[in-house]
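Residue strings, one per chain:
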Amino acid sequence: MSEMITADLVDLDLSADSKQAAARSLAGRMAALGRVTDLDGFLADVAAREAQAPTGLDGGIGIPHCRSTHVTEPTLAFGRSAAGIDFGAPDGPADLVFLIAAPAGADDAHLRVLSALARRLMDADFTAALRSVRHPAAAAALIRGDRAPEPAADGTEGAESTDDTEGTEGKAGKEGTEGAGGAVEAVGSPASTAADGRPSDGTSDERAGSGGEAAGPPVFRIVAVTSCPTGIAHTYMAAEALENAGRAAGVEVVVETQGSAGFTRLDPAVIAAADGVIFAHDVPVRDKDRFAGKPTVDVRVAAGINRPGELIDEVRRKAARGETTPAAAHAAGAGGAGAGTPVERSGERGDGYGTKLRTWLMSGVSYMVPFVAAGGLLIALGFAIGGYRIDKAPSVVDHFVWTQAGSWAALLFQIGQVAFAFLVPVLAGYIAYGMADRPGLVPGFVGGSVALTVDAGFLGGLAAGLISGGVVMAVQRVRIPAVMRGIMPVVVIPLLSSAVTGFLMFVVIGKPIATAQRAMTDWLSDLTGTNAVLLGALLGLMMCFDLGGPVNKVAYTFATAGIAVSDPSGSAMKIMGAVMAAGMVPPLAMALATTVRGRLFNRTERENGKAAWVLGLSFITEGAIPFAAADPLRVIPSAMAGGAVTGALSMAFGATLRAPHGGIFVVPLIGNPLLYLVAIAAGVVTTTALVIVLKTLRRPAPDATAGASGATIGQEDSADVAQPVTV
């Protein structure tokens, strides 16, 4: 295994004036050694990670990093800038820049060494030595741990007492263990971490420890979890910072690092004995319910690095006030059935009511859509095989002839109808599940079934889900005797919440919602001419605005709600057709643009364009996201224009669609299929033309000319745009 950093990967006079230029300069050194196979593709992955959160840290450190398929082996490059480079750190530019590259499938050993480096960056002697080192080989040796930083009184000469590693071999072994491997072990396994205060490995606590020192106030104990999107750098730096701050404050801190190399769960006894919890994370904490019932501070991972002392003080204040996590109250009320809802366990922190409401609704919709897809396709196939009178066929239970196509068509149609019968109950049940976890399922399904009974339809399902979840949450907050907690989740909560939900849906709000549902259905049925075309254009704009984001999902949910009945109106099927057609436009247009004007796109974008053909034809709008993330001001408006054209034309042509998904593969099931394809083609051409024109007005793509300047995807707009797909 080659060394992860060598003198060739060190630049002690980094002259870049931006983080993108710095990444390109250091990545170029990796590419020259064959450790990066596609420079622009790798830089795009770095930019995608950078777009999630700044990688600058207090103390003048920048650590751009990513996992990428364009990396052949874990590699580290180091640059030192005299002027400083802005990586978004609160205290200003960074003069020490570490570019960390890990393959998409890096093994644990490599990742642990990279993680150990991240922890060593919190050592002031280490960073001081790097600022004073004069030769690349000496810098590489310091970073590898082949030589140890020598603390000096002035903080400047310790690292440069010599420029070779002579006489340091014995020290290197010790440093490599204590500075790298030891750091990882201390965080990764409670058994190797005596700081937890319990003799998990046969040793006793040093503070509580020996002789007659048992007297005195008990030591405050904290357990923490750190994690970041790539799990390489920030995860371990936050752990090191929290541990150092804990030692300074006389507090015992044990950290569970949930990094790329996996994680070892803290001993339940350690968690049980803890007085407080700190979550410093940018991705969901795994098995978060283990920490329920403790005073908890929940922040982003950068806060764990930049202000660990404040977090420790905050959790101590919460403990003094007796504050605990809401999940503990839920568990107590529900007999321990669940510590926090699925939304809470997903790592959402500090969200407003609007965000939570959208998440709850999307929980129901995400579970409902497969039923819509399966039922819709089966019904569409039944019509395609048996004709549009197949809905009048007798039940296949009473009449089924194996050799008749009509019987098979009726079978498909009737199975689809059965699948559709679950739509509203599933929608309501899983909205309640998103709000209150498993106790919400029973009243949610009951409320959804009542919505069907009173003809409240899709709107009734939404209301029933929200009511059910709210009722369960209210019941869970009631203090009950300990002897009754065992029967709460299986008897009391289902009984009370189903009764309340059923009463409200049958007697109070069911009929008004049914009236509103009929009014919406009648309005859709009456849509003709200009109104229908305008609605199609609006839905097309929404589908292409954020390419699979919340606005896109609103338009798609509106369309699927219209066909989520056994006998949808013609207008509802036209809306579904317009929505799917518009959603296919952005990826197809990007694919066409990279084909006809490849010089306007870099190599990575041209490769993405090949995949976009398949994604677009399959109605996966997200296939255009890489292009939009790299150049949003040109791609997104162009996509919206094409989507509006397609949506309007689809409605004008009267193309209908019974299936909610499938793309080009369900065209035989579409009403007016040829005109439907014309509408899609018109939108694709519109978007392609606009993208080409707008990109032509700017400079060519980075690799379109030999020796082009250091511009990359990341140097354009992508560093400021969130990218859903990360490495």
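Above this text sits the structure in question.
Note that the coordinates shown come from a computational prediction; the quantities given were computed from them, not determined experimentally.

**Student:** I would appreciate a short explanation of the overall build of the chain in the present structure.
**Tutor:** What the chain contains, in helices and strands, is 26 helices and ten strands. The buried share among the 727 residues of the chain stands at 52%. Sequence-distant contacts in the chain: of pairs separated by 6 or more residues, those separated by 24 or more amount to 73%. Accessible area for the chain stands at about 29,800 Å²; split by element, carbon and sulfur atoms hold 60% of it.

**Student:** Got a minute to help me understand the side chain of S498 in this structure?
**Tutor:** Locating S498 in the fold gives a position in helix α18 (residues 488-508). Once you skip the residues sitting within four places of it in the chain, S498 turns out to touch V442, P443, V446 and I493.

**Student:** When you look at the nonpolar core in this model, what are you seeing that I'm missing?
**Tutor:** Soluble globular proteins tend to bury their nonpolar side chains together. Counting 89 residues, the largest nonpolar core has V579, M580, L657 and Y676 as the members making the most contacts within it. Excluding residues within four positions of it along the chain, V579 makes contact with L539, M543, A555, Y556, A559 and F619. Within the second largest apolar cluster, 48 residues are counted, among which are L12, A16, A139 and A238.

**Student:** Any chance you could explain the packing of aromatic side chains here in plain terms?
**Tutor:** For any pair of aromatic rings, the description consists of the separation of the ring centres together with the inter-plane angle of the planes. Per the counting criterion, the structure on display carries twelve aromatic pairs. Arranged with centres 5.9 Å apart and planes meeting at 40°, the rings of F371 and F422 form a pair that is tilted. A residue pair is termed long-range when its members are at least 10 positions apart, and F371 in helix α13 (residues 353-386) and F422 in the loop between α14 (405-421) and α15 (423-436) qualify at 51 residues. Relative accessible area serves as the criterion here: at 29%, F371 is assigned to the partly exposed category. When the centroid spacing of 6.0 Å and the interplanar angle of 50° are considered together, the rings of Y556 and F619 count as tilted. With a gap of 63 residues between them, Y556 in helix α21 (residues 550-563) and F619 in the loop between α23 (603-617) and α24 (625-630) connect regions that are remote in the sequence.

**Student:** Teacher, can you tell me more about the pairing of strand β7 (residues 221-227) here?
**Tutor:** It is a general feature of regular strands that their side chains alternate between the two faces of the sheet. Most of β7 sits inside the fold, with six of its seven residues counted as buried. Relative to strand β8 (residues 252-257), β7 runs parallel, the two sharing six bridges. Bridge pairing in β8 links R221 to E252. Looking at chain direction, β7 and strand β9 (residues 276-281) are connected through six bridges and run parallel. Residue pairing for β9: T226 is matched across the bridge by A280.

**Student:** Please explain unusual backbone geometry as it appears in this structure.
**Tutor:** Glycine aside, negative phi is the norm for most residues, and most peptide bonds take the trans geometry. In this structure, D455 takes a positive phi of about 60° despite not being glycine. At N672, a position not held by glycine, the phi torsion is positive, near 60°. Relative to the helices and strands, N672 is located in the loop between α25 (632-653) and α26 (673-696).

**Student:** Would you mind going over the pairing of β8 with me for this structure?
**Tutor:** Of all six residues in β8, six are buried; the element is thus mostly enclosed. Alternating residues of β8 divide into E252, V254 and E256 and V253, V255 and T257, and every residue in both groups is buried.

**Student:** Mind showing me how you'd approach the pattern of salt bridges here?
**Tutor:** Close approach of charged atoms allows side chains of opposite charge to pair. Tallying each qualifying case throughout the model produces 13 salt bridges. Put simply, E607 and K610 hold a salt bridge, and the shortest N to O gap is 3.2 Å. On the criterion of helical spacing, the pair formed by E607 and K610 is a turn pair, its members being three residues apart in helix α23. Residue D631 pairs with K695 through a salt bridge whose shortest N-O separation is 2.8 Å. Of this pair, D631 sits in the loop between α24 and α25 while K695 is found in helix α26, placing the two residues 64 residues apart along the sequence. No difference in accessibility class separates D631 from K695, as the two residues are buried. The network of salt bridges with shared partners includes D631, R634 and K695.

What counts, and at which threshold
- Residues numbered from 1 in each chain as written.
- Predicted model: local features only at pLDDT ≥ 70, side-chain atom pairs only at ≥ 80, totals over all residues.
- Heavy atoms only, no water.
- Helix = DSSP H or I, 4+ residues; strand = E, 2+ residues; numbered from the N terminus.
- Buried < 20%, exposed > 50% of the residue type's maximum accessible area, 1.4 Å probe, protein only.
- Contact = heavy atoms within 4.5 Å.
- Areas by Shrake-Rupley, 256 points an atom, 1.4 Å probe, with all protein chains shown as cover.
- Core = buried A, V, L, I, M, F, W, Y, C linked by side-chain atoms within 4.5 Å.
- Phe/Tyr/Trp six-rings, centres within 6.5 Å; stacked < 30°, edge-to-face > 60°.
- Pairing = 2+ DSSP bridges.
- Salt bridge = Lys/Arg side-chain N within 4 Å of Asp/Glu carboxyl O.

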